Amino acid sequence: MKLLIIFSGLLLLGISQVFAAQLDFFSDSQIYSPGKPLFVYGKGLPQEDIVLRFTDPAQNVITFTQVTADDGGQFQTELFLWPEASTTIPYGTYTIEAISTQQNGLAKKLEIKFSPTTDVEKIPVSRTITTLVFSPETAAIGQPFKIFAQITSDGLLVGGDPDKLLGTTHVHLPDGQAVNLSTSFKTLHPGLYYSEYTPIQEGTHVFHVVAFSQGTISHGSAATVVLKQDLGGISKQIIDLNSVLKDTSSELKKLKTETQGFGSTLDTASKDIDASVTSISNSVKNMETASQQLNSLLFPIVASIAIIVALQIVILARRR
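Cut-offs applied
- Residues numbered from 1 in each chain as written.
- Predicted model: local features only at pLDDT ≥ 70, side-chain atom pairs only at ≥ 80, totals over all residues.
- Heavy atoms only, no water.
- Helix = DSSP H or I, 4+ residues; strand = E, 2+ residues; numbered from the N terminus.
- Buried < 20%, exposed > 50% of the residue type's maximum accessible area, 1.4 Å probe, protein only.
- Contact = heavy atoms within 4.5 Å.
- Areas by Shrake-Rupley, 256 points an atom, 1.4 Å probe, with all protein chains shown as cover.
- Pairing = 2+ DSSP bridges.
- Axes fitted to C-alpha atoms, helices over the stretch in contact; angles between N-to-C directions.
- Phe/Tyr/Trp six-rings, centres within 6.5 Å; stacked < 30°, edge-to-face > 60°.
- Core = buried A, V, L, I, M, F, W, Y, C linked by side-chain atoms within 4.5 Å.
- Salt bridge = Lys/Arg side-chain N within 4 Å of Asp/Glu carboxyl O.
- Polar contact = N/O pair within 3.5 Å; in protein donor to acceptor, adjacent residues only side chain to side chain.

K.L.:
Before we move on, can you summarise the overall build of the protein with the specific residues and values?
P.N.:
A count of helical and extended segments in the protein gives three helices and 18 strands. Taken across its 320 residues, the protein has 27% of its residues classed as buried. Summarising the internal contacts of the protein: among those between residues at least 6 apart in sequence, 61% fall at separations of at least 24. About 21300 Å² of surface is accessible on the protein, with carbon and sulfur atoms providing 60% of the total.

This is how it looks when you write it as structure tokens:
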């Protein structure tokens, strides 16, 4: 009985060792050139599904493939056929990741090179493209302005047809749209290019210049804030407003001066009216005095006349 238990334990230990976590994979080369196939092979658990994820230098997924290991855990597949270098598949370092589906997400990575040649006796030429973009900080709707791009490789200007060199250049508009500008660039000097752009939307415009030369890609960007009118127009309006305010201030000063003179005139007229009222009042008083004097003169005469009339009436009454 004890022997049976020991034998069973050893059997289980052996099985666990056989099926221990295992994941190894390799590529058939480390350097690839256009037209060459990419083979991947390795070993996992028997009948295990292995996920192979292939990404570019920017970590964008190119292919996502699943292979199944045989009874011995071996697997192999042609993962990719290298095309000519382009903006989507440029020269550079690529990554292959193998992910186990039965070993708790066990994964391993492998890096390979895509270059113009696979000659291992020579060091592959590594080109570094740099893209600089210049655009104004502010602009106005309906007013054209220029965008400049400088393309260099190892510090030297890169010449060529701008339609091909800047073939995927575009602008991101404020509303989220992307407008292609590839055919609008002109050569200012080999390596220096410009494009004239007229905005029709208010907001931030992001110019994304993409340079592609000899299989190598480079990106550059710049932003311009588009207003309803440019700073020059606003400045002119401020100058015009200042001029109007200056004229208004002059008119107010003139009106104030005239108002002060009008006040003086009103004061003089008021004084003249007061003097006239005083004179009229004196005249009325004089008339009252003259009337009283006239009454005192006329009263004795009237009384004398009345006495004479009374005497005449008495004389006539006696005669009858």
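Structure's up, so let's keep going.
K.L.:
Requested: an account of the sheet that holds strand β6 (residues 74-81), with residues and values cited.
P.N.:
Strands belonging to one sheet form pairs held by backbone hydrogen bonds; the direction of such a pair is parallel or antiparallel. The three strands lie next to each other as β1-β3-β6, forming an open sheet whose pairing is antiparallel. At either margin of the open sheet sits one strand with a lone partner, and together these are β1 (24-27) and β6. Within the sheet, the average angular offset between the axes of one strand and its neighbour, ignoring direction, is 20°. Sheet topology places β1 next to strand β3 (residues 37-43); four bridges connect them, and they run antiparallel. Each bridged residue has a counterpart across the sheet, and for F26 the counterpart in β3 is Y41.

K.L.:
Just give me the short version of the packing of aromatic side chains, but keep the residues and values in it.
P.N.:
With the rule as written, the count across this model stands at 14 aromatic pairs. Here the aromatic rings of F26 and Y41 are separated by 5.7 Å at their centres, their planes lie at 35°, and the arrangement is tilted. On the criterion of sequence distance, the pair formed by F26 in strand β1 and Y41 in strand β3 is long-range, its members being 15 residues apart. Classification of F26 as partly exposed rests on a relative accessible area of 43%.

K.L.:
Which residues make up the sheet that holds strand β7 (residues 92-100), and what are the values?
P.N.:
If you trace the five strands from one edge of the open sheet to the other, you get β2-β8-β7-β4-β5, paired in mixed fashion. Only two strands of the sheet have a single partner each, and these edge strands are β2 (31-32) and β5 (61-68). Note that strand β4 (residues 49-55) and β7 share six bridges and pair antiparallel. In the sheet register, V51 faces β7, and the bridge partner there is I99.

K.L.:
Summarise the pairing of β3; cite the residues concerned and give the values.
P.N.:
Regular strands show a simple pattern: their side chains alternate between the two faces of the sheet. Side-chain alternation along β3 places L38, V40 and G42 on a buried face and P37, F39, Y41 and K43 on a face that remains uncovered. With seven bridges joining them, β3 and β6 adopt antiparallel strand pairing. Residue pairing in the sheet places Y41 in a bridge with Q76 of β6.

K.L.:
Tell me about the nonpolar core, and please be specific about residues and values.
P.N.:
Counting residues in each nonpolar core, the largest one holds 21 residues, and the members touching the most others are L38, F54, W82, I96 and I112. Elements represented by at least two residues in this core include exactly β3, β4, β6, β7 and β8 (107-114). Dropping the residues within four chain positions of it, I112 is found in contact with S27, S29, Q30, Y32, L38, F54, W82, G92, T93, Y94 and I96. Listed in part, the 20 residues of the second largest apolar core include V133, L181, Y193 and A222.

K.L.:
Before we move on, could you go through the pattern of salt bridges and cite the residues and values that matter?
P.N.:
By the definition in use, this model includes two salt bridges. With a shortest N-O distance of 2.9 Å, K108 and D24 are connected by a salt bridge. Of this pair, K108 sits in strand β8 while D24 sits in strand β1, and the two are 84 residues apart along the sequence. Take D24: its relative accessible area is 31%, and that puts it in the partly exposed class.

K.L.:
Lay out the side chain of S195 with the relevant residues and their values.
P.N.:
If you trace the backbone, S195 turns up in strand β16 (residues 192-197). A polar contact of 2.8 Å, which involves the side chain of S195, links it to the side chain of S184.

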